[in-house]
Amino acid sequence: MAKSHVIQNNDTVQAGPATDYMSFHPAPKRPEFCPPDGAVDAHCHVFGPADQFSFAPTRKYTPVDAPAARLFALRDHLGFARNVIVQATCHGTDNAAMLDAIARSDGRARGVAVIEKDTTEAELLRLHQGGVRGVRFNFLKRLVGDAPKGDYIRIAERAAEMGWHIVVYFESQELPDLASFITALPGTIVIDHMGRPDASGGLQDVGFANVRELLDKDERFWVKVSCPERLTQSGPPYGDVVPFGRYLVEAYPDRVLWGTDWPHPNMRSHMPDDGALVDLIPQIAPTKELQRKLLVDNPMRLYWPEEVADV
Ligand code: 0GY
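Bear in mind the structure is a predicted one, so any value in this text is a computation, not a measurement.

**Q** Would you mind going over the environment of Pro197 in detail, with residue names and values included?
**A** Here Pro197 is to be found in the loop between β6 (189–191) and α7 (206–217). When its relative accessible area of 6% is taken as the criterion, Pro197 is described as buried. Sequence separation between Pro197 and His264 is 67 residues; the distance between their C-alpha atoms is 18 Å. Look past the residues within four positions of Pro197 in its chain and what remains in contact with it is Ser172, Asp205, Phe208, Leu231 and Phe244.

Put into structure tokens, the structure is as follows:
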């Protein structure tokens, strides 16, 4: 087994990326699929640059720099118009790199922050003015250790006061233990990366059934049909994961989002070609209408509601 570059709890975090840390694809293909006008990459990150935006002392990994300029160049190359930048654990609760990227985006980026339970009112307002529209709760032990659930309840109340939604990242096998906690959270709740089902089980996977049950029972739940590269057992071109995305897009067309997950932190098996990820979209959203909902209407409703015309 390859040596993990992810620092385990209680270990000393390394200063720079581990020698086996995989950087993003240096030259993604230009996709054959042409996204609709106004398409939004609703899950991506910026990292550093470390000499301007230091990584959190509590981080479990140290990524390669992935600055805003690279993200926006990728956006244009892939034929997208906007980004939603999600705060990743390596920057902890210091949202500065994300806010700086949004400020450089000419209004074409919004953000999902990670905050403390006692973040001040003034700071919440500053985040909102800086483009933040959601907070993220991460339940992956390899990324955060034990999730501070008591803090999350307080943070959720504060997010609700701001009119923000909550993004939750968990692995589907954890869902039975988490379901009552996350269903009690207020407002809209977006599930990252399809709730990370076990793709080897196919659509009958019990974890995927649990995710679907949440979506069926409670219309406040949305889901990102992202990260085939993390879920695949068969590798590129991710034919084993496509049916999961397609199922979700067809069953919940008004509550799905899509994102590249660039720069793909912590990938170990391989680094995806972002252009090839875009080329999967017509397989998971086979009609123009589903593509428009997935890439434009849904993310615009969540992140740029003021630009969605009343009809
Ligand atoms: C992702 C996935 C990962 C990392 C993080 O916040 C993070 O550090 O979310 C992962 O390692 O699975 O969404 O970028």
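**Q** How would you sum up the site of the ligand? Please name residues and give values.
**A** Close to the ligand lie 16 residues, the nearest being His45, Tyr61, Thr89, Tyr169 and His193. A distance of 3.0 Å separates an oxygen atom of the ligand from a polar side-chain atom of His43. Between an oxygen atom of the ligand and a side-chain N or O atom of His45, the distance comes to 2.6 Å. Of all the secondary-structure elements, those providing two or more residues to the shell around the ligand are β4 (132–138) and α4 (141–144). Residue classes in the shell around the ligand are distributed as 5 nonpolar, 6 polar and 5 charged.

**Q** Go over the pattern of salt bridges with me, naming the residues and quoting the values.
**A** The full count for this structure, using the stated rule, is 20 salt bridges. Salt-bridge contacts for Arg154 lead to Glu157; the nearest nitrogen and oxygen are separated by 3.1 Å. On the criterion of helical spacing, the pair formed by Arg154 and Glu157 is a turn pair, its members being 3 residues apart in helix α5 (residues 149–162). Taking relative accessible area as the criterion, Arg154 reaches 35% and is therefore assigned partly exposed. Here Lys217 and Glu213 are joined by a salt bridge, their closest N and O atoms 2.8 Å apart. You can see Lys217 and its partner Glu213 sitting in helix α7, 4 residues apart, about one turn around the helix.

**Q** With reference to specific residues and values, describe the sheet that holds strand β7 (residues 221–224).
**A** Here we have 8 strands laid out as an open sheet, ordered β1-β2-β3-β4-β5-β6-β7-β8, and parallel in their pairing. The sheet is open, and its two edges are formed by β1 (40–44) and β8 (256–257), each paired on a single side. Sheet topology note: the β6/β7 ladder contains 3 bridges and is parallel. Residue pairing in the sheet places Ile191 in a bridge with Val223 of β7. In this fold α7 packs onto β6 and β7, with an angle of close to 140° to the strand it touches most, β7.

**Q** Can you lay out helix α12 (residues 288–303) for me, pointing to particular residues and giving the numbers?
**A** Compared with the 22 Å implied by 1.5 Å per residue over 16 residues, the 21 Å span of α12 between its first and last C-alpha is a close match. Along α12, the largest kink reaches about 40° and is centred on Leu294. Leu290, Gln291, Lys293, Leu294, Leu295, Val296, Asn298, Pro299, Met300, Leu302 and Tyr303 are the residues of α12 that are buried.

**Q** Can you tell me about the layout of surface pockets, naming the residues and giving the values?
**A** Empty space within the largest pocket amounts to approximately 510 Å³. Lining the largest pocket are 22 residues, with Gly92, Thr93, Val114, Val144 and Pro148 sitting closest to its centre. When residues of the lining of the largest pocket are traced back to their parent elements, those giving at least two are β4, α4 and α5. Per element, the largest residue contribution to the lining of the largest pocket is 4 residues, and it comes from β4. Classifying every residue of the lining of the largest pocket by side-chain character gives 9 nonpolar, 6 polar and 7 charged.

**Q** So, the nonpolar core: which residues are in play, and what are the values?
**A** Within the largest apolar cluster, 96 residues are counted, with the highest numbers of intra-cluster contacts made by Phe137, Ile182, Trp258 and Leu294. Among all residues touching Ile182, those that are not within four sequence positions of it are Phe139, Val168, Phe170, Leu175, Ile189, Leu214 and Phe221.

**Q** Now, about the packing of helix α6 (residues 175–183) against α7: what can you tell me, with residues and values included?
**A** α7 packs onto α6 with a crossing angle of 15° between their chain directions and a minimal axis gap of 11 Å. The orientation of α6 with respect to α7, classified from their angle, is roughly parallel. Like other packed secondary-structure pairs, α6 and α7 cross with a definite hand, here right-handed. Facing Leu175, Pro176, Ile182 and Thr183 of α6, the residues of α7 in contact are Asn210, Val211 and Leu214. Here the residues of the contact of α6 with α7 are counted per class, giving 5 nonpolar, 2 polar and no charged.

**Q** Tell me about the environment of Glu289, and name the residues and values.
**A** As for its position among the elements, Glu289 is in helix α12. For the pair Glu289 and Pro253, spaced 36 residues apart in the sequence, the C-alpha separation amounts to 9.3 Å.

**Q** Any chance you could break down the packing of aromatic side chains for me, citing the residues and the numbers?
**A** Aromatic rings in a pair are described by how distant their centres are and how their planes are angled relative to each other. One pass over the structure, following the stated rule, counts 8 aromatic pairs. For the pair Phe24 and Trp262, a centre-to-centre distance of 4.8 Å together with 50° between the ring planes defines the contact as tilted. With Phe24 in the segment before β1 and Trp262 in the loop between β8 and α10 (274–278), the pair connects residues that are 238 residues apart, well separated along the chain. Trp262 carries the same exposure label as Phe24, and that label is buried. An angle of 20° between the planes, with centres 5.4 Å apart, marks the rings of Phe80 and Trp258 as stacked. Separated by 178 residues along the polypeptide, Phe80 in the loop between α1 (68–78) and β2 (82–86) and Trp258 in the loop between β8 and α10 bring together distant segments of the chain. The pair Phe80 / Trp258 is uniform in exposure class, with both members buried. One aromatic cluster in this structure is built from Phe137, Phe139, Tyr152 and Phe181.

Here is what the cut-offs are and how they apply
- Residues numbered from 1 in each chain as written.
- Predicted model: local features only at pLDDT ≥ 70, side-chain atom pairs only at ≥ 80, totals over all residues.
- Heavy atoms only, no water.
- Helix = DSSP H or I, 4+ residues; strand = E, 2+ residues; numbered from the N terminus.
- Buried < 20%, exposed > 50% of the residue type's maximum accessible area, 1.4 Å probe, protein only.
- Contact = heavy atoms within 4.5 Å.
- Near = heavy atom within 4 Å.
- Polar contact = N/O pair within 3.5 Å; in protein donor to acceptor, adjacent residues only side chain to side chain.
- Nonpolar A, V, L, I, M, F, W, Y, C, P; charged D, E, K, R; others polar.
- Salt bridge = Lys/Arg side-chain N within 4 Å of Asp/Glu carboxyl O.
- Pairing = 2+ DSSP bridges.
- Axes fitted to C-alpha atoms, helices over the stretch in contact; angles between N-to-C directions.
- Expected span 1.5 Å × (residues − 1).
- Bend = angle between axes of the 7 residues up to and from the residue.
- 1 Å grid on protein atoms, 1.4 Å probe; cavity = no way out; pocket = protein on both sides within 12 Å on 5 of 7 lines; lining within 4 Å.
- Points joined across faces, edges and corners; volume = space filled by probe spheres on them.
- Core = buried A, V, L, I, M, F, W, Y, C linked by side-chain atoms within 4.5 Å.
- Parallel < 35°, antiparallel > 145°, perpendicular 65-115°, else oblique.
- Left-handed = near helix turned anticlockwise from the far one by under 90°.
- Phe/Tyr/Trp six-rings, centres within 6.5 Å; stacked < 30°, edge-to-face > 60°.

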